[in-house]
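# Breakdown of the fold
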Amino acid sequence: MFGKKEHAEIKTLVAQGTHIEGAMKFREGLRVDGEVHGAIEAATEGSLIVISEGALVDGGLTADHVIIAGTVKGPVLARESLELQPQARVEGDVQYKALEMQQGATISGQLRPIGAAATASERDKPSIRLAAKSA
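Every chain begins its residue count from 1, and numbering advances along the sequence as written. Under the rules for a predicted model, residues below a pLDDT of 70 receive no local features and side-chain atom pairs below 80 are neither given nor counted, while totals for whole chains, interfaces and linings still include all residues. Each side-chain value is worked out from all heavy atoms of the structure, with water and hydrogens disregarded.

### Describing the overall build of the protein chain
When its secondary structure is counted, the protein chain shows one helix and 15 strands. What makes two residues a contact is simply this: any of their non-hydrogen atoms within 4.5 Å. Contacts spanning at least 24 positions in sequence make up 10% of the contacts within the protein chain whose residues lie at least 6 apart. Residue burial considers only the protein chains on display, and all accessible areas are found by Shrake-Rupley using a 1.4 Å probe. For the protein chain, the accessible surface area stands at approximately 8,100 Å², while carbon and sulfur atoms represent 49% of it. In DSSP terms, a helix is any run of H or I states spanning at least four residues, a strand is any run of E spanning at least two, and both are numbered starting from the N terminus.

### Quick notes on unusual backbone geometry
Phi angles above zero are rare outside glycine, and Glu28 is one such case at about 65°. Looking at where Glu28 falls in the secondary structure, it is placed in the loop between strand E3 (24–26) and strand E4 (29–32).

### Brief notes about the confidence of the model for the protein chain
Per-residue confidence from the predictor is reported as pLDDT, which spans 0 to 100. Considering every residue of the protein chain, the mean pLDDT works out to 86; 80% of them sit at 70 or more. Under a pLDDT of 50 for its full length, residues 117–121 has, in the predicted model, one contact with residues more than four places off or in other chains. Ignoring residues within four places in sequence, the model shows residues 125–130, a span with pLDDT below 50, making zero contacts including any to other chains.

### Concerning the environment of Gly59
Mapped onto the secondary structure, Gly59 falls in the loop between strand E8 (56–58) and strand E9 (61–68). For the pair Gly59 and Val76, spaced 17 residues apart in sequence, the C-alpha separation works out to 9.2 Å. Beyond its immediate stretch of four places on either side in the chain, Gly59 contacts Gly38, Ala39, Lys73, Gly74 and Pro75.

### As for the nonpolar core
Side-chain atoms within 4.5 Å are what join buried Ala, Val, Leu, Ile, Met, Phe, Trp, Tyr and Cys residues into a set we call a nonpolar core. Three exposure classes are used, based on accessible area relative to the maximum for each residue type with a 1.4 Å probe and protein chains only: buried under 20%, partly exposed in between, and exposed over 50%. Within the largest apolar cluster, 27 residues are counted, with the highest numbers of intra-cluster contacts made by Ile40, Leu61 and Ile68. Within the residue set of this core, elements represented by two or more residues are E3, E4, strand E6 (40–42), strand E7 (48–51), E9, strand E11 (76–84) and strand E13 (94–101).

### Side note on the pattern of salt bridges
Each salt bridge in this description consists of a side-chain nitrogen of Lys or Arg and a carboxyl oxygen of Asp or Glu lying within 4 Å of one another. A full pass over the atoms with the stated rule returns five salt bridges. Of the charged contacts in the structure, one is a salt bridge between Arg79 and Asp64, with a shortest N-O distance of 2.7 Å. Of this pair, Arg79 sits in strand E11 while Asp64 is found in strand E9, placing the two residues 15 residues apart along the sequence. The exposure class assigned to Arg79 is partly exposed, which follows from its relative accessible area of 29%. Asp93 is the salt-bridge partner of Arg112, the closest N and O atoms lying 3.7 Å from each other. One end of the pair, Arg112, is in strand E15 (residues 111–113); the other, Asp93, is in the loop between strand E12 (89–91) and E13, with 19 residues separating them in the sequence. Take Arg112: its relative accessible area is 37%, and that puts it in the partly exposed class.

Rendered as structure tokens:
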């Protein structure tokens, strides 16, 4: 994926066939194989969330490292890295520091880099100056 960094260990599983209503917070690593109808947010740094093929999250995601192979409806904030596998479907705005998007993945929303990438693009914008009116 992104270099050889170790990610958090997955300690929590939302199994296939499980349907959760409401927002969730998790520590370290989370894998979703079922459905979550509510936002999912990491409560610790170095967090990892994996949305498996066939899984559905309706409410958005926030974590350091995000891997999506299923469907996410809502905003995605990947504070470090985002990997979109070929079957990934995202319906919402996406913020990321590093992005890997495989052929076949789709995003219906805006892509917004965070950190150094965002400030570099802002520096490249030309400044606008109004011409002074001579009296």
